[in-house]
Amino acid sequence: MQDLDSPSTTMATLGITKYYILEKYFNELQKYWESERRTQDASADLTLIQQRLRSSSSEFTVTRPRLLAVNSTGSAGSGGSAHLPVGACANSSGTSPVGGASTNGNSQDGIDFRDVPSPVSGNQNNMPSSINSLLDAQGDLGTLKDRTLDKHEGGLTLRHVSNVTIDDLIQLGGPLTEDSLVKTLQARFSFHKYFTNIGPILLAINNYLDIGNALTLASTREVVAPPPLQRVVQEAIRQQSETGYPQAIILSGCSGSGKTYSSMLLLRQLFDLAGGGPETDAFKHLSAAFTVLRSLGSSKTVANSESSRIGHFIEVQVTNGELYRTKIHCYFLDQTRVVKPLPQEKNYHIFYQMLAGLTSEERVRLKLEGYNLHNLKYLNQGDLKQNEVEDAKRFQAWKACLGVLGIPSQDVLRVLAVVLLLGNIRFSEHRTSDSGCSSSDPEIQSVASLLGIGSDLLFRGLTTRTHSVRGQLVKSMCDANMSRVTRDALAKALYCRTVATIVRRANSLKRVPMSGTLSSDSNDSVHNQMEIASQHASTVGTAGSKSSRSMAVLNHAVRHATDGFIGILDMFGFEDAKPAQLEHLCLNLCAETMQHFYNTHIFKSSLESCREEGITYEAEIGYVDNVPCIDLISSLRTGLLSMLDVECQTRGTAESYVQKVKTQHKANNRLLNSKSSLARMFAIQHFAGKVDYDASDFLDTNRDVLPDDLVSVFHKNSCQFGFATHLFASELKALYNGEPAPRGIRFRISPTSHTELVNGDEPISTLTQDFHTRLDNLLRTLVHAKPHFVRCMRANSNESVEFDSKTVAPQLRALQVLETVGLMSSGFPHRMRFKAFNSRYRLLAPFKRLKRSEDSALDDCQLILEGFKTAMPALPPLGHATTSWSLGKRHIFLSEAARQQLETLRTETRHRAAILIQSHYRGYISRKVWRRQLDIRLEAMRSRFLPLKSSLLQPTNQRQQLSRPRPQPIACTPPPEALIQANSERFDLKSVQQLFGIDKERPPPVPPARGYTVAGNTKLGYPQTRVMKNSYPEDGSSEVILTKGEIVLVLGSSSRRGMLVVEHKGRTIDVPYQFLELRPVPPQPPSGVDI
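Since we're looking at a predicted model, the values are computed, not measured. (Residues numbered from 1 in each chain as written. Predicted model: local features only at pLDDT ≥ 70, side-chain atom pairs only at ≥ 80, totals over all residues. Heavy atoms only, no water.)

(A) Structural view of the confidence of the model for the protein chain. Confidence along the protein chain averages 78 in pLDDT terms, with 71% of residues attaining 70 or more. The low-confidence segment residues 1087-1091 (pLDDT under 50) makes one contact with residues lying over four places distant or belonging to another chain. (pLDDT = per-residue confidence, 0-100. Contact = heavy atoms within 4.5 Å.)

Rendered as structure tokens:
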């Protein structure tokens, strides 16, 4: 058997390894060169690849004979043949066949991984193994920029790693596929680049680096907004200030994709740029409001530990680039969670925080002594894990923020304690009464005590019903099941109305003037004006002039109420709960609607505009329209929600409702059969996946009713707790309007946006109708605003710091990222009217050749485009994106690359013009100041020496007539004129000039400067310590620069007029005294004395 360490074996191993390396490299380079040659024209990259290919081919030609010779020698010596598979490694030499890289630093093909510095600073434990295998710890991303080697390691290639530096996906080269997008995002994620642009659209990946963050303005105070998010806010402010048009930043994505976190960073950045920063009162009030609402409106779900169950639209009114008012619009929907959280999920965070943060005295006062997560029914149905330390900390911050809003925390805590205790009121079928409960039960008494009502009164409200039978009021007792439904309805009503009250209070604090009452509401915002005008217009139709008047009022409100705001929309993301309920159907309808708005704005409007004006695309642009799914859910007569309203009116069952839905939509491919065989189950194919729905509680949840028997107990005559009475103020006012109460009518559990509360004995609207109405109003607001899209995605499904391509790829398909990149890179996503285009880019054309008239708008456009085409070679390239444009009938259509290049050229032109204007203006100002100072000096010299000169040259008698009475002479002064006249022989003019040193040709010398300074009544000598009032010199031309606020040492007066000698870092400089300020220096403590 041959020795493996023999020279011949080693040479054969090395030769075979090098043979396979060069052969593989040769084939890969040849494939890449041929694909590049087919897809694009010849370029410098192709020339470089061709040179590499030729050098590799020649080396392969030279090496192959040697390899065969060595191999034959080794085989003869061993009596067999030595075979090494592709990818084998010769450990004796340390040579790796992957990419031809040598571990000892000697590259066999020109690529040495050890010479490539690592793009990630610090710990690399979070990087995927594929990246670590491609890059050594000492690599440089800059040298990977031009790599074209496609050696696959764990799915990633060097070409994908080189795409890390591409911040815009429209610059990607090669075939555009979903796999290339996923791997490019994976490479950027590994290099801590979580934000990527698709033209004007921002793609954000949730990195889960800040798990446990409360997602409030206060908790994100130390987080610096990433530059891509900053640019989104800056662009919104710029467009709003330039055009006055409202702007809307829309965040969309599935649950857990980081929408709320990004919205808080965007809002902070908006305050920093336009609102005065975090120290303003408006920001403190808004921060307190979000801290309170996050605890009340977020919970743990299977997909997200900080899931927002309340949608937000933050309306920020901006005028002249300055923020002056904010308003929060909340869309609270998931109210069933209060009484019945899903398995493996939690109730709202505030309940766990309250139990962790209450003191023993507060527990006694709130009747919660002895209660915990395990014996409270509303909490022990879901996940029972809890971080008590963190919850207690958040609870204290929550109470402090309630105080900032001016809401008594004890009032809110009493309501929350009532909600928890209501769940422990048990109704049994085996008790003597119909409901199986009595007013003497401890839970009934505790709840009644906290609400300030009698236990008997509360018991009757929960267990009795009033009916109107042929004009007569009849009372009946409820069974245990109906009593439980009423109990849960009361708990949901108290919680929902408390949240709504806090939102109204938070908004009232940011209005001018402030009303200061808990019941105040802002009626001057976009949504309130539209909600007053639109009474569930999407589901309930009106006829005749009433409908036209409503639409006129609505359009007027939209037209006048949407001026000048910047909105941040953080709505519900797509969610696949198991089992999904009615709230999840509404949440997914909202997600479908936002996706449809995106499709309409990005795809449909662009394609239809091009088709109308005869513009054709070279590449086919397609997208998936989700209108069929929206119609399935929300169409006016046959939609699932409309059929549910009808089923509620006819008092049907869940099974009958599902059967009618399947019959009506049996031909709809969006309605699918559920995996379960239960008759109440059905499935819908949403834009982001299939969801199974359980219709068991659809009807009760949609009715959303609370009997007046229970509402009446909160009247001020029977309820001593004013905050609870305030929660039902509107209902009590409608109930006690002169008619007997209770009288068998029912109200909505959640606060409604309608002015009328009931229609006969039933509420004016259902839960789905009210939600659909508010969603329509939101869409009307967004239609009148300029949208800025932020598409959010989650990196994995377990909230860890890793990138899971199986989780990201479905989201890319759902958000249609591939189609968006295709449109932005090769289509015309932007269109501008000729006049608007000329107004913005006319500075790119020769000024004298522009005509500036309506009739010649097209000619001016062509002139601007000629100038742009001439300047394009000097602009930085945008990768493989197409820079093209097309002129239509009324618009000019631009590709995304053309728009970016136009903006770059416009910015550079304006910058050069600004520098030129500033240089001329500063020169003019400097010359003007210099002339003024020169005139002042000449005038001072003239006023000082001209009277003396004229008096000496005039005759004596004239001087005597013109002279004024002089005081008695003092020592060392020239003799009076009378003495000169009397002794004219002795004191002639020439002798007087010589005696007193007067020279008519030259001014007298400057008197010596005094060696001290007078400050107040104190005489201060030199040296002195002074503070720079302004930086000197202002233009920074001197070698020594003194900055504003710097403390310097003044040695004394300078020989130059108005200057002081200043010592700075061992050098002296003359500084004008105007730049120095004399401040008292605090006394230094004696050595050895502690302060």
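Next, the rest of the story.
(B) Geometry of the sheet that holds strand β24 (residues 1024-1028). Within the open sheet, the five strands sit side by side as β27-β26-β25-β24-β28. Their pairing is antiparallel. Bordering the open sheet on either side are β27 (1067-1072) and β28 (1076-1077), each of which pairs with just one other strand. Bridge analysis of strand β25 (residues 1047-1053) against strand β26 (residues 1059-1064) gives four bridges, and the strand direction is antiparallel. For Val1050, the partnering residue across the bridge sits in β26 and is Val1062. (Pairing = 2+ DSSP bridges. Helix = DSSP H or I, 4+ residues; strand = E, 2+ residues; numbered from the N terminus.)

(C) Inspection of the packing of helix α12 (residues 388-405) against helix α13 (residues 409-422) at higher detail. Across the interface, α12 lies against α13 with an axial gap of 9 Å and an inter-helix angle of 125°. The pairing of α12 with α13 is recorded here as oblique in orientation. Contact residues: Phe395, Trp398, Lys399 and Leu402 in α12; Ser409, Val412, Leu413 and Leu416 in α13. Class assignment for the residues of the contact of α12 with α13 results in six nonpolar, one polar and one charged. (Axes fitted to C-alpha atoms, helices over the stretch in contact; angles between N-to-C directions. Parallel < 35°, antiparallel > 145°, perpendicular 65-115°, else oblique. Nonpolar A, V, L, I, M, F, W, Y, C, P; charged D, E, K, R; others polar.)

(D) Representation of the packing of α13 against helix α16 (residues 480-508) within the structure. Packing of α13 against α16 leaves a shortest axis separation of 9 Å and a crossing angle of 155°. By the angle between their axes, α13 is roughly antiparallel relative to α16. Viewed along their axes, α13 and α16 form a crossing whose handedness is left-handed. Contacts between α13 and α16 involve Val412, Val415, Leu416, Val418, Val419 and Leu422 from the former and Arg487, Leu490, Ala491, Leu494, Tyr495 and Thr498 from the latter. (Left-handed = near helix turned anticlockwise from the far one by under 90°.)

(E) The arrangement of the sheet that holds strand β19 (residues 830-833) in detail. Across the sheet, three strands lie side by side as β19-β21-β20; this open sheet has antiparallel pairing. The sheet is open, and its two borders are formed by β19 and β20 (885-887), each paired with just one other strand. Sheet twist, expressed as the average angle between the axes of neighbouring strands with direction ignored, equals 20°. Examined bridge by bridge, β19 and strand β21 (residues 891-894) share four bridges and lie antiparallel to one another. Residue Met832 lies in a different strand from β21, and its bridge partner there is Ile892.

(F) Spotlight on the side chain of Ser299. Looking at where Ser299 falls in the secondary structure, it is placed in strand β4 (residues 298-299). Of the residues examined, Ser299 reaches a relative accessible area of 0% and is grouped as buried. A polar contact is formed between the side chain of Ser299 and the side chain of Arg337, at a distance of 3.4 Å. When sequence neighbours within four positions are dropped, the list of residues in contact with Ser299 reads Asn304, Ser305, Glu306, Ser307, Arg309, Arg337, Lys346, Asn347, Tyr348 and His349. (Buried < 20%, exposed > 50% of the residue type's maximum accessible area, 1.4 Å probe, protein only. Polar contact = N/O pair within 3.5 Å; in protein donor to acceptor, adjacent residues only side chain to side chain.)

(G) Molecular detail of the packing of aromatic side chains. Applying the stated criterion across every chain, the model contains 23 aromatic pairs. Taken together, a centroid distance of 5.9 Å and an interplanar angle of 70° make the contact between Phe574 and Phe687 edge-to-face. Of the two residues, Phe574 is situated in the loop between β10 (565-570) and α19 (582-612) and Phe687 in the loop between β12 (681-686) and β13 (689-694); the sequence distance between them amounts to 113 residues. Centroid distance Phe682 to Tyr693: 5.6 Å. Interplanar angle 25°. Geometry classified as stacked. One end of the pair, Phe682, is in strand β12; the other, Tyr693, is in strand β13, with eleven residues separating them in the sequence. Ring-pair connections join several aromatic residues into one group, and the members of that group are Phe597, Tyr598, Phe603, Tyr623 and Phe789. Over the face of the ring belonging to Phe721 we find Arg414, whose NZ or CZ atom lies 3.9 Å from the ring centre. Cation over ring: Arg791 sits above Tyr598, and NZ or CZ is 3.6 Å from the ring centre. (Phe/Tyr/Trp six-rings, centres within 6.5 Å; stacked < 30°, edge-to-face > 60°. Lys NZ or Arg CZ within 6 Å of the ring centre and 35° of its normal.)

(H) Focus on the layout of surface pockets. Taken as a whole, the largest pocket encloses approximately 1900 Å³ of empty space. Lining of the largest pocket is provided by 45 residues; of these, Pro200, Glu235, Arg238, Gln239 and Arg899 occupy positions nearest its centre. Counting only elements with at least two residues in the lining of the largest pocket, the list comes to α7 (227-243), α19, β18 (786-794), β19, α30 (834-841) and α32 (896-953). By residue number, the principal contributor to the lining of the largest pocket is α7, which donates nine residues. A per-class count over the lining of the largest pocket returns 16 nonpolar, 16 polar and 13 charged. (1 Å grid on protein atoms, 1.4 Å probe; cavity = no way out; pocket = protein on both sides within 12 Å on 5 of 7 lines; lining within 4 Å. Points joined across faces, edges and corners; volume = space filled by probe spheres on them.)

(I) Structural detail: empty space enclosed by the protein. Counted according to the given criterion, the structure contains two cavities of 30 Å³ or more. Estimates place the volume of the largest cavity at around 100 Å³. As for the largest cavity, its lining consists of 14 residues, of which Ser252, Gly253, Ala591, Met594 and Phe687 are closest to the centre. Of all the secondary-structure elements, those providing two or more residues to the lining of the largest cavity are β3 (247-252) and α19. In terms of residue count, α19 provides more of the lining of the largest cavity than any other element does, three residues in total. In this structure, the second largest cavity encloses a volume near 50 Å³. Forming the boundary of the second largest cavity are Asp334, Thr336, Arg337, Lys340, Pro341, Leu342, Glu345, Gln581 and His584. Looking at the lining of the second largest cavity residue by residue, the classes come out as two nonpolar, three polar and four charged.

(J) Highlighting the nonpolar core. Counting 191 residues, the largest nonpolar core has Trp398, Leu494, Tyr495, Tyr657, Ile684, Phe698 and Phe714 as the members making the most contacts within it. Of the residues forming this core, the biggest block, 13 residues, is contributed by α19. Discounting residues that sit within four places of it in the chain, Tyr657 has contacts with Leu640, Met643, Leu644, Glu647, Ala695, Phe698 and Leu699. In terms of nonpolar packing, the next biggest core, distinct from the first, is built from 19 residues, Met832, Ile864, Ile892 and Leu905 among them. (Core = buried A, V, L, I, M, F, W, Y, C linked by side-chain atoms within 4.5 Å.)

(K) Inspection of the pattern of salt bridges at higher detail. Following the criterion strictly, the structure yields 32 salt bridges and no others. Between Arg221 and Glu279 there is a salt bridge; the shortest N-O distance is 2.7 Å. In this pair, Arg221 sits in the loop between β2 (201-206) and α7 while Glu279 sits in the loop between α8 (259-274) and α9 (281-297), placing the two residues 58 residues apart along the sequence. Taking the relative accessible area as the measure of exposure, Arg221 reaches 41% and is therefore partly exposed. Residue Arg840 pairs with Glu903 through a salt bridge whose shortest N-O separation is 2.9 Å. Remark: Glu903 occurs in helix α32 and Arg840 occurs in helix α30; sequence separation between them is 63 residues. Taken as a pair, Arg840 and Glu903 share a single burial class, namely buried. Here the salt bridges do not stand alone but share partners, grouping Glu235, Arg238, Glu242, Arg840 and Glu903 into one network. (Salt bridge = Lys/Arg side-chain N within 4 Å of Asp/Glu carboxyl O.)

(L) The arrangement of the pairing of β10 in detail. Taken across its six residues, β10 has six buried, putting it largely inside the fold. Side chains of β10 alternate between two faces, with Phe565, Gly567 and Leu569 and Ile566, Ile568 and Asp570 buried alike. Relative to β10, strand β6 (residues 310-319) runs antiparallel, the two being bridged by six bridges. The residue bridging Phe313 from the neighbouring strand is Leu569, located in β10.

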